[in-house]
Amino acid sequence: MFDPVLLGTFLAVAETHSFTLAATRLGVSQPTVSQHIRKLEEAAGRQLIARDTRDVRMTDNGDAMAGFARTILAAHSSAEAYFTGSAMRGRLRFGAADDLAITQLPRILRHFRQLYPQINLELTVNQSTPLYRRLKSGQLDLIFIKQLSDSDEGALVRRDDLVWVGQEKTVVEPGAHVPLIVYQAPSISRQSAIDALEANGRTWRITCNTREVNGMLAAVRAGLGIAVFPQSLIPDDLVIVGPRFALPELGHVDFRLLANPSAAAEPIEALTTAIMGRPLNRSA
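What counts as what
- Residues numbered from 1 in each chain as written.
- Predicted model: local features only at pLDDT ≥ 70, side-chain atom pairs only at ≥ 80, totals over all residues.
- Heavy atoms only, no water.
- Helix = DSSP H or I, 4+ residues; strand = E, 2+ residues; numbered from the N terminus.
- Buried < 20%, exposed > 50% of the residue type's maximum accessible area, 1.4 Å probe, protein only.
- Polar contact = N/O pair within 3.5 Å; in protein donor to acceptor, adjacent residues only side chain to side chain.
- Contact = heavy atoms within 4.5 Å.
- Phe/Tyr/Trp six-rings, centres within 6.5 Å; stacked < 30°, edge-to-face > 60°.
- 1 Å grid on protein atoms, 1.4 Å probe; cavity = no way out; pocket = protein on both sides within 12 Å on 5 of 7 lines; lining within 4 Å.
- Points joined across faces, edges and corners; volume = space filled by probe spheres on them.
- Axes fitted to C-alpha atoms, helices over the stretch in contact; angles between N-to-C directions.
- Parallel < 35°, antiparallel > 145°, perpendicular 65-115°, else oblique.
- Left-handed = near helix turned anticlockwise from the far one by under 90°.
- Nonpolar A, V, L, I, M, F, W, Y, C, P; charged D, E, K, R; others polar.

### Observations concerning the side chain of Thr170
Relative to the elements of secondary structure, Thr170 occurs in the loop between strand S6 (155-166) and strand S7 (178-183). Residue classification places Thr170 among the buried positions, given a relative accessible area of 10%. From its side chain, Thr170 meets the backbone nitrogen of Gln167 in a polar contact 2.9 Å long. Contact partners of Thr170, with chain neighbours within four places excluded, come to Ile226, Arg244 and Phe245.

As structure tokens, this is what we get:
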């Protein structure tokens, strides 16, 4: 039998492509992560991860193990919930950044509600900054938001690159203002775009202000300009356009879970485990 602890560590490495980020996610040391991977490879009798000084990637056996690991851990979680978690009661006020709605988060929340039907889950969808303010004022119990990578608050779920996104046929003439599609302020992606352009002496103009991700996507698809997205959230019909127009790099963004310390811990821990334990890929 494969140890669920080892499988959980393996999935953290598989999803972050980093021993360091996996250690941060799990709250353990990097040598512990390495030890867990070594033990799992010994138990499987196969190499699961190929790594060198610059890269961490799954082998073919590693890809197969990732699928098995998710199935095993999901079954383990379901069994645990059946015997212990299903009796959990309470109210959980959860806030999520709106662009995370185009990931697997809705599916994760649906599964969570099936496991814990007696938890009253109240969902608020908004931009990251307003959600953070509501958490700090005690209006929310747990939030799932984007933060700049210089923050270490809360639990890191994923680190991603911010990139410039547009249509394949989008055109920005040399020397012309960069047409920006942005969230209304305050917004991490908006500020990152403006700061990067001004630091590089590029002029810009806002062609669309929107409050939510569907408005952002509609404006980009309509050819109104260029937007900033986490790379993992780019829809299939849009492309990265930064190199084409010599746009500056934007840095990284973290997807983090932050909890209200005065709220009931048990429901927060249950939902945190549900989100951390499943891949947060873009929804098909």
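### Some points on the packing of aromatic side chains
Aromatic ring pairs are defined here through the distance separating the ring centres and the angle between the ring planes. In this structure the tally under the stated criterion is 1 aromatic pair. Taking the centre distance of 5.0 Å and the plane angle of 45° together, the rings of Phe112 and Tyr116 count as tilted. Tyr116 matches Phe112 in its accessibility class, with the two residues each being buried.

### Structural notes on the environment of Pro106
For Pro106, the location among the structural elements is in helix H5 (residues 105-115). The exposure class assigned to Pro106 is partly exposed, which follows from its relative accessible area of 40%. Put simply, Pro106 and Thr59 are 47 residues apart on the chain and 30 Å apart in space, counted from C-alpha to C-alpha. When near neighbours in sequence (up to four residues on either side) are disregarded, Pro106 contacts Leu100 and Ala101.

### Describing the layout of surface pockets
Put simply, the second largest pocket is a space of about 350 Å³. In terms of lining, the second largest pocket is formed by 18 residues, of which the most central are Glu15, Thr16, His17, Arg158 and Arg159. When residues of the lining of the second largest pocket are traced back to their parent elements, those giving at least two are helix H1 (4-16), helix H2 (19-26), S6 and helix H9 (265-276). Looking at which element gives the most residues to the lining of the second largest pocket, the answer is S6, with 4 residues.

### Points about unusual backbone geometry
For the bond from Ala185 to Pro186, the omega torsion is -5°, close enough to zero to count as cis. Checked against the element boundaries, Pro186 lands in the loop between S7 and helix H7 (188-199). In this structure, His17 is a non-glycine residue whose phi angle is positive, near 55°. Examined against the element boundaries, His17 turns out to sit in the loop between H1 and H2. Of the residues examined, His17 reaches a relative accessible area of 47% and is grouped as partly exposed. Notably, Ala246 is not glycine yet its phi reads approximately 55°, a positive angle.

### Some thoughts on the packing of H1 against helix H3 (residues 30-44)
At a minimum axis distance of 9 Å, the contact between H1 and H3 shows a crossing angle of 110°. Taken as axis vectors, H1 and H3 run roughly perpendicular relative to one another. The interaxial crossing formed by H1 with H3 has left-handed handedness. Contact residues: H1 offers Val5, Leu6, Leu7, Thr9, Phe10 and Val13, while H3 offers Val33, His36, Ile37, Lys39 and Leu40. Class assignment of the residues belonging to the contact of H1 with H3 gives a composition of 8 nonpolar, 2 polar and 1 charged.

### Quick notes on empty space enclosed by the protein
Counted under the stated rule, the structure contains 2 cavities of 30 Å³ or more. Of the pockets and cavities examined, the largest cavity occupies roughly 90 Å³. Along its surface, the largest cavity is lined by Ala97, Asp98, Asp99, Gln127, Ser128, Thr129, Lys146, Tyr183, Pro186, Ser187, Ile188 and Ser189. In terms of residue class, the lining of the largest cavity is built from 4 nonpolar, 5 polar and 3 charged. Counted as a void, the second largest cavity has a volume near 30 Å³. Together, Leu180, Ile181, Val182, Tyr183, Ser189, Arg190, Ala193, Met216, Ile226, Ala227 and Val228 line the second largest cavity. At the level of elements, S7, H7 and strand S9 (227-230) are the ones that each hand at least two residues to the lining of the second largest cavity. Along the lines of polarity and charge, the residues of the lining of the second largest cavity split into 9 nonpolar, 1 polar and 1 charged.

Everything listed here is a matter of geometry and, on its own, says nothing about what the molecule does.
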